[in-house]
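# Notes for the structure review
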Amino acid sequence: MRVEEVKPSQRKKGRFLVKLEDGDILRVTEEELLRFGLRRGLELDGETWEALRASARTSSAKAQAASIIGSRALSRRELEKRLVRKGNDEADAQAAADWLENIGAVDDAAYAAAVVRDYGRRGYGPAKVREELRRRGVPRELWDAAMEELPDSGAVLDALIQKKCRGELSDPREIKRVSDSLLRRGFSWGEVRSALSRYTELAEE
C-alpha cells in the first residue's frame, strides 16, 4: 500500500491526513507520523499497514473519548458505551478509557460521589440514588463509600414534607399522595412513616 499524500488536518490541530493509493484516508497523530515514517511515496507492507490502521483507530478513539469527557463527567462504562455507539470497537474503547483513567480524567469513585451529592441535594433517597449509580455503570464495590455523601434521610424527608403539606395532614388521601411521592424518590416506607409521624406531632403541637 503506497502513501499518496500527507498533509496537516485543517480541523484537528496535531492531526494529519494520510491519503493512500486506494483512496482511503487515515487520520493519524504526529507521533504516528514519526513512528511509521509516513511520507509521500512510502510503500507500506501488510504488517506495517495493519499496525498503522490499528494505531490510528486507537488514537481516534482516544480523541473522541477526550472530547466526550471534556463535555461532561461520565463513568468508565458510560464512556465505553458512547465510544462503541460512535463506531469504535470495544478494544479501542477500552484502550481509550484506560488512557483517560491512567491520567485521572476518568475516576469512577469521584464520579460516584458527585452523583450521590447531586441527587442528595435534589432530595432523593438511598434507593433512588443506588438505582442511578447502577444505571450509570458505576461498579458496585464503589457504592458504599459514595453513599456516605448522602445527607441524612430524616432531615431531607422533614424538609420535603414541610414543603408539600404546609398544614395539618389528616386526610388519608393526602397522606397517601405525600407518601407515594416520597417512596418514588427512593425513601423506604419505614423512613417515610417516621417522618410523617414527626410532622403530625409537630402539627398537633
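This text gives an overview of the structure that appears in the document. (Residues numbered from 1 in each chain as written. Predicted model: local features only at pLDDT ≥ 70, side-chain atom pairs only at ≥ 80, totals over all residues. Heavy atoms only, no water.)

### Description of the overall build of the protein chain
For the record, the criterion: In this description a helix means any DSSP run of H or I spanning at least four residues, a strand means any run of E spanning at least two, and both kinds are numbered starting from the N terminus. Taken over C-alpha atoms, the radius of gyration is set against a globule rule of 2.2 Å times the number of residues to the power 0.38. Partly exposed residues are those whose accessible area sits between 20% and 50% of the maximum for their type, while under 20% is buried and over 50% is exposed, using a 1.4 Å probe and protein chains only. Note on contacts: a residue pair qualifies if any of its non-hydrogen atoms lie within 4.5 Å across the two residues. Surface accessibility in these figures is a Shrake-Rupley result with a 1.4 Å probe; residues are shielded only by whichever protein chains are displayed. As used throughout, the charge tally considers Lys and Arg to be positive and Asp and Glu to be negative, leaving His and the chain termini uncounted. Every charge is mapped onto a representative atom, which is NZ of Lys, CZ of Arg, CG of Asp or CD of Glu.
Tallying secondary structure elements over the protein chain gives 10 helices and three strands in all. Mapped in sequence order, the helices and strands of the protein chain form the string β-β-β-α-α-α-α-α-α-α-α-α-α. Over its C-alpha trace the protein chain gives a radius of gyration of 27 Å, far above what one expects of a compact globule, namely 17 Å for 205 residues. Within the span of the protein chain, comprising 205 residues, buried residues form 38% of the whole. Residue pairs at least 24 apart in sequence account for 52% of intrachain contacts in the protein chain once pairs closer than 6 positions are excluded. Just so you have it, the protein chain exposes about 12500 Å², and 46% of that area is on carbon and sulfur atoms. Of the charged side chains in the protein chain, 40 are positive and 38 negative; the average position of the first set lies 6 Å away from that of the second.

### Looking at the pairing of strand 3 (residues 25–29)
What counts here: Strands were regarded as paired on the criterion that DSSP finds at least two bridges between them.
Where strand 2 (residues 15–20) and strand 3 come together, five bridges link them in antiparallel fashion. Note on strand 3: the bridge partner recorded for K19 is I25. What sits between the antiparallel neighbours strand 2 and strand 3 is a turn of four residues, in which G23 has the positive phi angle 95 degrees.

### Notes on the packing of helix 8 (residues 153–165) against helix 9 (residues 172–184)
Inclusion rule: To obtain an axis, a line is fitted to C-alpha atoms, over the contacting stretch when the element is a helix, and the angle between two such axes runs from 0 to 180 degrees between their N-to-C directions. Here the angle decides the label: under 35 degrees means roughly parallel, over 145 means roughly antiparallel, 65 to 115 means roughly perpendicular, and every other value means oblique. Should the near helix be turned counterclockwise from the far one by less than a right angle, the crossing is left-handed, whereas a clockwise turn marks it as right-handed.
Helix 9 packs onto helix 8 with a crossing angle of 140 degrees between their chain directions and a minimal axis gap of 11 Å. Between helix 8 and helix 9, the angle falls in the class oblique. Between helix 8 and helix 9 lies a crossing whose hand is right-handed. Seen from helix 8, the contacting residues are L157, L160, I161, K164 and C165; seen from helix 9, they are R177, V178, S181 and L182.

### A closer look at the layout of surface pockets
Here is the rule: Think of a 1 Å grid over just the protein atoms. A cavity is a set of points where a 1.4 Å probe fits yet cannot get out, a pocket is an open set with protein on both sides within 12 Å along at least five of seven lines, and lining residues have an atom within 4 Å of a point. Grid points are joined across faces, edges and corners, and a volume is the space filled by probe spheres set on the points. Polarity classes work like this: nonpolar for Ala, Val, Leu, Ile, Met, Phe, Trp, Tyr, Cys and Pro, charged for Asp, Glu, Lys and Arg, and polar for all others, with Gly in that last group.
Taken as a whole, the largest pocket spans an internal volume of roughly 310 Å³. Forming the boundary of the largest pocket are S9, Q10, R11, K12, R15, L17, R27, S60, A63, Q64 and S67. Contributions of two or more residues to the lining of the largest pocket are made by strand 2 and helix 2 (46–71). The leading source of residues in the lining of the largest pocket is helix 2, at four residues. Partitioned by chemical class, the residues of the lining of the largest pocket number two nonpolar, five polar and four charged. For the second largest pocket, the calculated volume is near 230 Å³. Along its surface, the second largest pocket is lined by 14 residues, and L26, R53, A56, R57 and S60 are the ones closest to its centre. At the level of elements, strand 3 and helix 2 are the ones that each hand at least two residues to the lining of the second largest pocket.

### Side note on helix 9
One full turn of an α-helix is made of 3.6 residues, so residues set three or four places apart face in the same direction. To be explicit about the condition: Helix span, expected: 1.5 Å multiplied by one less than the number of residues in the helix. What the arc measures is the spread of directions leading from the helix axis to the C-beta atoms.
In a regular helix each residue adds 1.5 Å, so 13 residues correspond to 18 Å; helix 9 covers 18 Å between its end C-alpha atoms and thus fits that length. Listing the buried residues of helix 9 in full gives V178, S179, S181 and L182. The arc that holds every buried residue of helix 9, seen down its axis, measures 155 degrees, which confines them to one face. Across helix 9 from its buried face, at more than 90 degrees, point the exposed residues P172, R173, K176 and R184. One or two residues past the end of helix 9 sits G186, with phi positive at roughly 100 degrees.

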